[in-house]
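# Remarks on the overall topology
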Amino acid sequence: MAPRVLHWFRTDLRLHDAPALVKGLELKPEAFFPVWAWDPYFNFDCPVGPNRYKFLLESMKELDGKLNKMGNKLHVFRAAPTDLFPVLLKQWKITHLVYERDPAPYAIERDESIKKIAQDANVEVVDIVGHTLYDTDAVVEKHKGEPLTSAQALKSAVKGMEIPRPPQAPKEVPKADDLHLDAIKKEVKHFKPEHDVNEEHRKGKMTAYDSVTGPKDSLEPPTLAELGYDEKEATTSIPGGEDEALRRLNNWMEDKDATATFRKPQTSPSEYDPPATTQLSPYIKFGALGVREFYWRVNDVMDEYDGETSSEPENLPGQLMFREMYFAAQLGVGKAYTQIRGNKICRVIDWKLCNAYDEDGEQIIPRPKGPKEDEEMLEKWKHGNTGFPFLDAAMRQLKQEGWMHHLARHCVAGFLTRGQLYISWERGAEVFDRYLVDRDPGSNAGNWMWLSCSCFFAQYFRNYGMTTFPAKYDKSGKLVRKYCPELKDFPDKFIYKPWEAPEDVQKKAGCIIGKDYPEPMVDEKAANKECMGKMKEQYAKKQYGDSLLKRKAK
DNA sequence: CCAACAGTTGAAACT
DNA sequence: CAGTTTCAACTGTTG
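What you see is a predicted model; the values in this text were computed from it and never measured.

## Focus: the pairing of strand β5 (residues 124-128)
In the case of a regular strand, side chains alternate between the two sheet surfaces. Where strand β4 (residues 96-100) lies against β5, five bridges are found, and the strand directions are parallel. Each bridged residue has a counterpart across the sheet, and for L97 the counterpart in β5 is V125. Following the chain from β4 across helix α5 (residues 105-120) to the adjacent parallel β5, one finds a crossover that is right-handed.

Right, dumping it as structure tokens:
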């Protein structure tokens, strides 16, 4: 029987460096069906703001356009994959289901179900590594099945493993044939949400799931309006799509000095136009940029470079290695990786506003509110109203652009958790999940554990100064002047600490502290001292998240 | 087993 | 006075 291939796009919205796509095409299918399942899980169980949707939709649209030129299209269905695939496989007489492997816990569980469905339908599943540089399963196996928690451990584990060169982008794809949409519409279960963690974004009516095939059987992705989101709130200036990803990559690679001598800790978090880092993370997240393409392009530039190059972990390949490490940590821990409870690598600290669980150990969604005072502190942090200009600028940039420089993420994360507010990193990760365009559960939860000294990093007495840290990179307060415009006329001297400016300076700047911009919400030094004392106590317990489960079992 | 060391900082004490 | 060095509430990895 001639192969009939369903290519399931998930982490690979691209044609270049697409090993799974190439593999499917090598089967020489008589019919080829590119599919995207608009999965309710990502819409109702994961926090997601308008910017990430905008970026995703642009990336999907561009890929769809490229497939159109080759006489095909990206067929978007609005259903849970487990409801959708049994029907598609049958109606389209699929012989091979092909996809790029996704090493996140939700994806693994989902794909296991899909594999069973495929097996029952006598369909061969072809899953190919491509979202990561290394095969994450192999990395964790090499580490005796344990999660990896250091760059060094990753280095040892991947010794001898090759990173393949990316394959060429296909120039043509076979056509799909009869879609049998009427039968599909009849057979696929209609989805109704039980809960919705994104209510705060849905100002309009949510019609996205009214039909499995979309309005007029268009098989288009839902618009922001269909999701009930306000399009005006999608304010990011980072455009989605593979073309833009490659344009940005090429642009960076042309600057051989910057590429070959890149040192992350020395890049300024105050630069925003353009930023001091590559800002390629959103593209990698959705697979608009192939990570192996990025890796090899950087490597080639560094190989050919005459001068002295920077080294890991500070250089560009080193950044990608952190990503690999987080994936390998996440895979080793499993579903509990994004929370404290049940997470064996995560230190238990008596943070405020931790996740809540019912008697069966299921997380209660939405989370019941904590003490009013704590919730108010979280809100101030979330919306950039803490009274610390650099922190507020960074948080407002996050909300507006869906992106923040890595070192600014350090600064705001330190403040929320071990630095000043002593609020659980779970809350911080949730806010980042909501607003980041590049949100990836492995890297995001991983970095939050790192910054809160819950795992990966332990020197809790190394703290970020809300005024000193930004000043190290930029005395002029560029980022503050851009994202906290009410402070833009303060002199440099006071830009990170306007509350210290004398009254006449505040008047001249047209901004009275406590009226036009908030007073600092805490005494930075005093709060930090208190936090460090608590961290010392909590560290002495030497307790990890898996112990919370054991106690429960008794 | 132990020692050395690295780990995306800050502040104070130094040249 | 600007730039550099040192130490400070620790832990995990490596040899």
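## Brief notes about the protein's contact with DNA strand C
For DNA strand C, the set of nearby residues contains 14 residues, the closest of which are S156, Y460, M532, Y539 and Y544. Counting only atoms of DNA strand C within 4 Å of the protein, the sugar-phosphate share comes to 65%. Measuring from a phosphate oxygen of DNA strand C, one finds a side-chain N or O atom of S156 at 3.1 Å. Y544 has a polar side-chain atom sitting 3.1 Å from a phosphate oxygen of DNA strand C. Elements that contribute at least two residues to the surface near DNA strand C include exactly α7 (151-158) and α22 (524-541). Of the residues in the surface near DNA strand C, the class split is six nonpolar, five polar and three charged.

## Topic: the sheet that holds strand β1 (residues 4-8)
Read from one edge of the open sheet, five strands run β3-β2-β1-β4-β5, paired in parallel fashion. Each having just a single partner strand, β3 (75-77) and β5 make up the two edges of the open sheet. Put simply, the sheet's adjacent strands are angled 25 degrees from each other on average, direction ignored. Where strand β2 (residues 31-37) meets β3, three bridges bridge the pair, whose relative direction is parallel. Bridge pairing in β3 places V35 opposite H75. Of the strands in this sheet, β1, β2, β4 and β5 are in contact with helix α1 (residues 19-26), which crosses β4 at around 160 degrees.

## Here we look at the side chain of N43
Relative to the assigned elements, N43 resides in helix α2 (residues 40-45). Residues contacting N43, with those up to four places away along its chain left out, are W38, Y53, D196, N198, R202, Y209 and L227.

## Structural notes on the protein's contact with DNA strand B
As a structural note, the neighbourhood of DNA strand B is formed by 18 residues, with F322, W450, Q459, N463 and G465 the closest of them. Among all atoms of DNA strand B positioned within 4 Å of the protein, those belonging to sugar or phosphate total 38%. At 3.0 Å, a side-chain N or O of R462 approaches a base oxygen of DNA strand B. A distance of 3.4 Å separates a phosphate oxygen of DNA strand B from a polar atom in the side chain of K525. Secondary-structure elements contributing two or more residues to the surface near DNA strand B are α13 (316-333), α16 (406-419) and α19 (468-473). Looking at the surface near DNA strand B residue by residue, the classes come out as seven nonpolar, seven polar and four charged.

## Re the nonpolar core
Core analysis: the largest hydrophobic core is formed by 143 residues, its most contacted members being W38, F294, W381 and F490. Looking at this core, the element that brings in the most residues is α13, giving ten residues. Residues L6, A31, I94 and I184 belong to the second largest nonpolar core, which totals 26 residues.

## Considerations on the environment of L219
Looking at the secondary structure, you find L219 in the loop between α8 (181-187) and α9 (242-254). For the pair L219 and H75, spaced 144 residues apart in the sequence, the C-alpha separation amounts to 5.4 Å.

## Comments concerning the environment of H180
With respect to the helices and strands, the residue H180 is situated in the loop between α7 and α8. Residue H180 is classed as partly exposed on the basis of its relative accessible area, which comes to 31%. Taking the C-alpha atoms as reference points, H180 and G334, separated by 154 residues in sequence, lie 38 Å from one another. In this view, H180 contacts Q91 and W92; residues no more than four positions away in its chain are not counted.

## Here's the deal with the UniProt feature "domain: Photolyase/cryptochrome alpha/beta" (unreviewed entry) in chain A
Sequence positions flagged by UniProt for "domain: Photolyase/cryptochrome alpha/beta" (unreviewed entry) are, in local numbering, residues 3-133. Its end C-alpha atoms 29 Å apart, residues 3-133 is made of 47% helix and 19% strand.

## Let's talk about helix α4 (residues 81-91)
All of the buried residues along α4 are P81, L84, F85, V87, L88, L89 and Q91. Residues of α4 that are buried sit in contact with β1, β2, β3, β4, α5 and α8. Remark: K93 follows α4 within two positions and exhibits a positive phi of approximately 50 degrees.

What counts, and where the lines are drawn
Residues numbered from 1 in each chain as written. Chains lettered and ligands numbered in written order. Predicted model: local features only at pLDDT ≥ 70, side-chain atom pairs only at ≥ 80, totals over all residues. Heavy atoms only, no water. Pairing = 2+ DSSP bridges. Helix = DSSP H or I, 4+ residues; strand = E, 2+ residues; numbered from the N terminus. Right-handed = clockwise from strand over helix to strand, strands pointing away. Near = heavy atom within 4 Å. Polar contact = N/O pair within 3.5 Å; in protein donor to acceptor, adjacent residues only side chain to side chain. Nonpolar A, V, L, I, M, F, W, Y, C, P; charged D, E, K, R; others polar. Axes fitted to C-alpha atoms, helices over the stretch in contact; angles between N-to-C directions. Contact = heavy atoms within 4.5 Å. Core = buried A, V, L, I, M, F, W, Y, C linked by side-chain atoms within 4.5 Å. Buried < 20%, exposed > 50% of the residue type's maximum accessible area, 1.4 Å probe, protein only. UniProt positions renumbered as here; feature names shortened; annotations may be inferred.

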